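One letter stands for each residue in the lines below.
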Amino acid sequence: SEREREKERKRERESTINAIRLWLETGDDFKDNQKLQNDVLEFVEDVVMMDWPKLAGTVRQRLHEIQHGLIRNRVVAHKPPPPAKLPLQQTGGGKVSLFAFDPEEIARQMTLIDFKLYQSIRPHEFMNQAWQKPKLKHRAKNLLAAIERSNEVGSWVATTILSQKDKNTRAKRITEFVQVADQLHKMNNFMTLFSVLSGVQDSSISRLKKTWDKIDKKTLKRFTELQDLYTPGKSNFKMLRSLVTDAVPPALPYLGLFCSDLVMIDNGNTNFSSELINVYKCRLIYNQLRQIKAAQSHPYNFESLPSVVELLTKLHYLSQETLTDVSLQREPRL
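Residues numbered from 1 in each chain as written. Predicted model: local features only at pLDDT ≥ 70, side-chain atom pairs only at ≥ 80, totals over all residues. Heavy atoms only, no water.

Enquirer: Requested: an account of the overall build of the protein chain, with residues and values cited.
Expert: The helix and strand tally for the protein chain stands at 15 helices and two strands. Principal-axis analysis of the C-alpha atoms places the extent of the protein chain at approximately 80 × 45 × 35 Å. Looking at the 334 residues of the protein chain, the share that counts as buried comes to 40%. A fraction of 70% describes how many contacts in the protein chain between residues 6 or more apart in sequence connect residues 24 or more apart. Element-wise, carbon and sulfur atoms account for 54% of the exposed surface of the protein chain, whose accessible area totals about 19,500 Å². Here the protein chain contributes 51 positive and 40 negative side-chain charges, whose respective centroids are spaced 4 Å apart. (Helix = DSSP H or I, 4+ residues; strand = E, 2+ residues; numbered from the N terminus. Buried < 20%, exposed > 50% of the residue type's maximum accessible area, 1.4 Å probe, protein only. Contact = heavy atoms within 4.5 Å. Areas by Shrake-Rupley, 256 points an atom, 1.4 Å probe, with all protein chains shown as cover. Lys, Arg positive; Asp, Glu negative; His and termini not counted. Charge placed at Lys NZ, Arg CZ, Asp CG, Glu CD.)

Enquirer: Any chance you could break down the packing of aromatic side chains for me, citing the residues and the numbers?
Expert: Both the distance between ring centres and the angle between the ring planes are used here to describe each pair of aromatic rings. By the definition in use, this model includes nine aromatic pairs. Taken together, a centroid distance of 5.6 Å and an interplanar angle of 80° make the contact between Phe 115 and Tyr 300 edge-to-face. Of the two residues, Phe 115 is situated in helix H4 (residues 103-120) and Tyr 300 in the loop between helix H13 (279-296) and helix H14 (306-313); the sequence distance between them amounts to 185 residues. Judged by its relative accessible area of 4%, Phe 115 is buried. Judged by centre distance (5.3 Å) and plane angle (50°), the rings of Phe 194 and Tyr 230 are tilted. (Phe/Tyr/Trp six-rings, centres within 6.5 Å; stacked < 30°, edge-to-face > 60°.)

Enquirer: Can you break down the side chain of Arg 170 residue by residue, with the values?
Expert: Relative to the helices and strands, Arg 170 is located in helix H6 (residues 167-186). By relative accessible area, which is 2% here, Arg 170 ends up buried. Polar contacts involving the side chain of Arg 170 include one to the main-chain carbonyl oxygen of Gln 164, which spans 3.0 Å. Non-local contacts of Arg 170, meaning those with residues more than four positions away in its chain, are made with Ile 161, Leu 162, Gln 164, Lys 165, Leu 208, Thr 211, Arg 330 and Glu 331. (Polar contact = N/O pair within 3.5 Å; in protein donor to acceptor, adjacent residues only side chain to side chain.)

Enquirer: Go over the side chain of Arg 173, please, and point to the residues and values.
Expert: Counting through the fold element by element, Arg 173 comes out in helix H6. Only 2.7 Å separates the side chain of Arg 173 from the side chain of Glu 176, close enough to count as a polar contact. Contacts of Arg 173, omitting those with residues within four sequence positions, involve Phe 99, Thr 160, Ile 161 and Gln 164.

Enquirer: Explain unusual backbone geometry to me, using residue names and the numbers behind them.
Expert: The peptide bond linking Pro 249 to Pro 250 adopts the cis configuration, its omega dihedral lying at 5°. The topology assignment puts Pro 250 in the loop between helix H11 (238-246) and helix H12 (255-268). A positive phi angle is found at Glu 275, which is not glycine, with a value near 70°. Topologically, Glu 275 is positioned in the loop between strand S1 (272-273) and strand S2 (276-277).

Enquirer: Report on the packing of helix H5 (residues 141-162) against helix H7 (residues 190-200), specifying residues and quantitative values.
Expert: Two numbers describe how H5 lies on H7: the axes approach to 7 Å, and their chain directions differ by 40°. Taken as axis vectors, H5 and H7 run oblique relative to one another. As for the relative orientation of H5 and H7, their crossing is right-handed in sense. Note on element contacts: H7 touches H5 through Met 191, Phe 194, Ser 195, Val 196, Ser 198, Gly 199 and Val 200, opposite Ala 146, Ser 150, Val 153, Gly 154, Val 157, Ala 158 and Ile 161. Residues belonging to the contact of H5 with H7 are distributed by class as follows: nine nonpolar, five polar and no charged. (Axes fitted to C-alpha atoms, helices over the stretch in contact; angles between N-to-C directions. Parallel < 35°, antiparallel > 145°, perpendicular 65-115°, else oblique. Left-handed = near helix turned anticlockwise from the far one by under 90°. Nonpolar A, V, L, I, M, F, W, Y, C, P; charged D, E, K, R; others polar.)

Put into structure tokens, the structure is as follows:
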């Protein structure tokens, strides 16, 4: 009946209003978009005010705060950062080798670099699979920068291992990277952890049997445990999802999980249902973005060491083809 249809339309409008209210919580998409502000305000005046005056008041107040720069940022009371773990000795020429630092300190500095990238990503960059569509990539510059950084770290790890001509020194580098990975895991940094592991398990490294034979059983066991977190299998990253969900902030989630989930949501649900906005799909997307935003609001409290940050930012690495060639030079096929 017409009465039932009107009730259904009202429920859909209420769901849309609540979605707008949640959208306004961050304010990111509204700050410099006057047209979007005006469109939402017009919608509130024409549709919301009559049936939901209290909700309309909340939305209008939030718009007012955004328009006048009154957004209240959450104040975090920081404790002093833990003391940096500095190397006792310097190499010739006064320069400090990266691996002279404790693995925990290397993990801290990598975390600061990658969290800064993660924190810069805006919610709209995850919409419509923009990061993997040529015509939409301009909308996801920060997300693509984070993905590129992750790929670079993996290539750098593999390059650093293969730069050692002696199998004992290569084994030492692998052990050091597994120690860094272990510290990243303890810091709930699942993004950089993935990057480091992808380098250690690169095909150019995994084939080095003589090198791996020199690594102790304890290191090999820990490496396998960390590897298992990123093996999808039938469980769809069940173990990793559980760790990310239960992690006590600060945490740096693995972006690959969010991107793959958002692709599934986008491909598996239409934007409209019976000519109305598919609110169910909107809720699914919002739940993903809420998790991303929550992690961004809890920064890590480590002291930044400029000399180490420079070493970990200006990464030198070989192409995949060259990595394979060098690997074969280090340990030729039998």
